Amino acid sequence: MGKKPSAPEDTVRDFLGGQILIAMPNMGDPRFERSVVFLCAHDEEHAMGVIVNKPLDDIGLSELLEQLEIAPQVDADETPVFFGGPVQTERGLVLHTLDYKLDTTLALDEQLGLTASRDILIDIAGEKPERPAPRRFLLAIGHAGWGAGQLEKEIAMNAWAHCEPDEEMIFSGAHEPLWNKALAKLGVTSAMLSPEWASVRDENQPLN
């Protein structure tokens, strides 16, 4: 019998978990305008990420802690709370360095984890923390989510670009113009982007 034919190249999928997504100027969804997203997971079934450059002005951390019956530290409101995305906006989560790890922590790679528990909030800004807080962290309300193939379609339409992350890019969004910084990492500025970025790309072209 002959060899079983191999899968054609155009069925190969590229996944972008651990990458930074950068919203392009033609982004049609106002919730993601000028967004920088750390992509926590991406596979055939879904993609999930956290917007890292949209701190919320109308929510104080002490207010959130009190809702959870956690006595806040005096300076709790100095910790920004971010809009992580439009999915499950009633839930909070923390993206953080892995020097902090609970049984409920999801390790994203060797450096970063994701924890959604009351315990981490106590340790970050509670009056009586039980453990040292993570070295760096980002507290977000909600997250960004895509169904099977949805993110690939948006990338093919050039709604998103992507690049390798670094720690400063992930955790400095409350104090820096992160969208411009992310574009600069690609070697471009918003003024340099032409209408070609908004054109639909060949469906067979890989993501990276």
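These numbers come from a predicted model, not from an experiment.

Procedures and definitions
Residues numbered from 1 in each chain as written. Predicted model: local features only at pLDDT ≥ 70, side-chain atom pairs only at ≥ 80, totals over all residues. Heavy atoms only, no water. Buried < 20%, exposed > 50% of the residue type's maximum accessible area, 1.4 Å probe, protein only. Helix = DSSP H or I, 4+ residues; strand = E, 2+ residues; numbered from the N terminus. Pairing = 2+ DSSP bridges. Phe/Tyr/Trp six-rings, centres within 6.5 Å; stacked < 30°, edge-to-face > 60°. Core = buried A, V, L, I, M, F, W, Y, C linked by side-chain atoms within 4.5 Å. Contact = heavy atoms within 4.5 Å. Salt bridge = Lys/Arg side-chain N within 4 Å of Asp/Glu carboxyl O.

Trainee: So what's going on with the pairing of strand β8 (residues 137-146)? Residues and values would help.
Mentor: Buried residues dominate β8, accounting for eight of its ten residues. Pairing between strand β3 (residues 47-51) and β8: three bridges, direction antiparallel. Bridging across to β8, Ala47 finds its partner in Trp146. Relative to β8, strand β4 (residues 81-83) runs parallel, the two sharing three bridges. Across the sheet, Val81 pairs through a bridge with Leu139, a residue of β8.

Trainee: I'd love a proper account of the packing of aromatic side chains, names of residues and values included.
Mentor: Counted according to the given criterion, the structure contains three aromatic pairs. Ring geometry for Phe32 against Trp160: centres 5.6 Å apart, planes inclined by 75°, an arrangement best described as edge-to-face. In this pair, Phe32 is assigned in the loop between β1 (20-23) and β2 (36-42) and Trp160 in strand β9 (residues 160-163), connecting sequence segments 128 residues apart. Residue Trp160 is classed as buried on the basis of its relative accessible area of 3%. Judged by centre distance (6.1 Å) and plane angle (80°), the ring pair of Trp146 and Trp160 falls under edge-to-face. Note that Trp146 is positioned in strand β8 and Trp160 in strand β9, a separation of 14 residues in sequence. Residues Trp146 and Trp160 agree in their burial class; the two are buried. What links up through ring pairs into an aromatic cluster is the set Phe32, Trp146 and Trp160.

Trainee: Break down the nonpolar core for me, with residues and values.
Mentor: Counting 42 residues, the largest nonpolar core has Trp146 and Trp160 as the members making the most contacts within it. Looking at this core, the element that brings in the most residues is β2, giving five residues. Beyond its immediate chain neighbours, meaning those up to four positions away, Trp160 contacts Leu21, Ile22, Ala23, Met24, Met27, Phe32, Ser35, Val37, Trp146, Leu151, Glu154 and Ile155. Of all hydrophobic cores here, the second largest spans 16 residues; its members include Val94, Ile120, Leu121 and Ala125.

Trainee: Summarise the pattern of salt bridges; cite the residues concerned and give the values.
Mentor: On inspection of all chains with the given rule, the structure shows eight salt bridges. Residue Glu130 pairs with Arg131 through a salt bridge whose shortest N-O separation is 3.6 Å. Exposure remark for Glu130: the relative accessible area of 57% places this residue in the exposed category. In this structure, Lys185 engages Asp166 in a salt bridge whose closest nitrogen and oxygen atoms are separated by 3.0 Å. Residue Lys185 is found in helix α5 (residues 178-185), and its partner Asp166 is found in the loop between β9 and α4 (167-171); the two are separated by 19 residues along the sequence. Salt bridges linked by common partners bring Arg135, Arg136, Glu167 and Glu168 together as one network.

Trainee: I'd like a description of helix α2 (residues 118-125), backed by residues and values.
Mentor: Extensive coverage of α2 is indicated by the burial of six of its eight residues. Tucked inside the fold, the buried residues of α2 contact α1 (61-67), β5 (87-97), β7 (112-115) and β8.

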